Amino acid sequence: DYEPPFKTVLYTSANDGKSWIHVSDITPSGTGESALAYLDGGELLAVLGDDIAGEKTYLRRSQDRGKNWGELQDVTDTLGVLGRPKLQTFPDEPNRLYLYGRDHIRGLGGYTVLYYSDDKGVTWSKKFYPGVIAYPDTGYSALEKRTDGNFYMLSYGGTSAWANIKEYIFGK
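Residues numbered from 1 in each chain as written. Predicted model: local features only at pLDDT ≥ 70, side-chain atom pairs only at ≥ 80, totals over all residues. Heavy atoms only, no water.

Peer 1: Honestly, the nonpolar core in this entry has me stumped. Any pointers?
Peer 2: Nonpolar side chains tend toward joint burial in soluble globular proteins. Counting 15 residues, the largest nonpolar core has Leu87, Leu97, Leu99 and Trp124 as the members making the most contacts within it. Sorting the residues of this core by element identifies strand E3 (31-38), strand E4 (44-50), strand E7 (81-90), strand E8 (93-105) and strand E9 (109-117) as the ones contributing at least two each. Once you skip the residues sitting within four places of it in the chain, leucine 99 turns out to touch Val47, Leu79, Leu82, Pro85, Lys86, Leu87, Val113, Leu114, Tyr115 and Trp124. By size, the runner-up hydrophobic cluster in this structure holds nine residues, among which are Leu114, Phe151, Tyr168 and Phe170. (Core = buried A, V, L, I, M, F, W, Y, C linked by side-chain atoms within 4.5 Å. Buried < 20%, exposed > 50% of the residue type's maximum accessible area, 1.4 Å probe, protein only. Helix = DSSP H or I, 4+ residues; strand = E, 2+ residues; numbered from the N terminus. Contact = heavy atoms within 4.5 Å.)

Peer 1: Got a minute to help me understand unusual backbone geometry in this structure?
Peer 2: Glycine aside, the phi torsion of most residues is negative, and most peptide linkages are trans. Positioned with a positive phi, aspartate 16 is a non-glycine residue whose angle comes to about 60°. Here aspartate 16 shows up in the loop between strand E1 (8-12) and strand E2 (21-27). The class for aspartate 16 is exposed, based on a relative accessible area of 80%.

Peer 1: When you look at the pairing of E9 in this model, what are you seeing that I'm missing?
Peer 2: Within E9, eight of the nine residues are buried, leaving the element largely enclosed by the surrounding structure. Relative to E9, E8 runs antiparallel, the two sharing nine bridges. Looking at E9, one finds that aspartate 103 is bridged to tyrosine 111. Counting the residues in the hairpin turn of E8 and E9 gives three residues, including glycine 107, whose phi is positive at 90°. (Pairing = 2+ DSSP bridges.)

Peer 1: It is not clear to me how the environment of lysine 56 should be interpreted in this structure. Could you clarify?
Peer 2: Structurally, lysine 56 can be placed in the loop between E4 and strand E5 (57-62). When the C-alpha atoms of lysine 56 and alanine 142 are compared, they prove to be 23 Å apart, with 86 residues separating the residues in sequence. Beyond its immediate stretch of four places on either side in the chain, lysine 56 contacts Leu48, Gly49, Asp50, Asp74, Thr76 and Val81. A polar contact is formed between the side chain of lysine 56 and the side chain of aspartate 74, at a distance of 3.1 Å. (Polar contact = N/O pair within 3.5 Å; in protein donor to acceptor, adjacent residues only side chain to side chain.)

Peer 1: Can you help me understand the environment of aspartate 25 in this one?
Peer 2: Its location among the elements puts aspartate 25 in strand E2. As for aspartate 25 and leucine 87, which are separated by 62 residues in sequence, their C-alpha atoms are 19 Å apart. Not counting residues up to four positions away in its chain, the partners in contact with aspartate 25 are Lys7, Thr8, Val9 and Trp69. Here the side chain of aspartate 25 touches lysine 7 through a polar contact of 3.4 Å, side chain to side chain. At a separation of 2.8 Å, a polar atom in the side chain of aspartate 25 contacts the side chain of histidine 22.

Peer 1: What am I meant to see in the sheet that holds strand E6 (residues 73-74) here?
Peer 2: Strands pair in a sheet through their backbones, by hydrogen bonds, and they do so in one of two ways: parallel or antiparallel. One open sheet accounts for four strands, arranged E3-E4-E5-E6; its pairing is antiparallel. Since the sheet does not close on itself, it has two edges, and those belong to E3 and E6, each with one partner. Across six bridges, E3 lies against E4 in antiparallel orientation. What sits directly across from leucine 36, in E4, is alanine 46.

Take a look at the structure:
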C-alpha cells in the first residue's frame, strides 16, 4: 500500500538492473512525480512536484552523483506547478537542458509546457506551450529532435475516461 507522505529516492545498478543499491533519499517526504538529469562532472539535477496538494515545484542538486543533496529550492514562481516532469538533453546541444511536463493552472486545467536552460537549471526560459488547448489532465510527454532541427512531441490529454494523444511539431 502506498500512503503519503511520499518521498523520492535514488537507486543505482551495476549489473544492468538485476539488483539495485539505495544511494540516497532525494527528499525524505513530501514529493511525488520527479525527473532526474545527469549533468557533467557527477552533478545531478532533480525536478520534483509536491505529493498531495500539487501546488509546488522544487529543484534539488547533487554534486557527487546523488550521495548528498543540496537545499530543496521552491521554484514554483519560475516554473509554475509542474506535474509529470521530464528532463532531457540532445547530442547536438549538450549544454542545453530541456524540461517539459504538465503546467497546472488552477481553474483552467493542464497544458503541456516546455522550458530550456543553458546553465544547468539555474535559470529557465519563458514558458512555451506547443498547444493551446487545456485538458483536465495532460502530460506523460515524449520529446525528440528531428533531422531538420525541429522538435516532435507527443503528449497525453484527457481524463481517466477518455484521452487523446496530441502531436506537436515546432522549431527552436
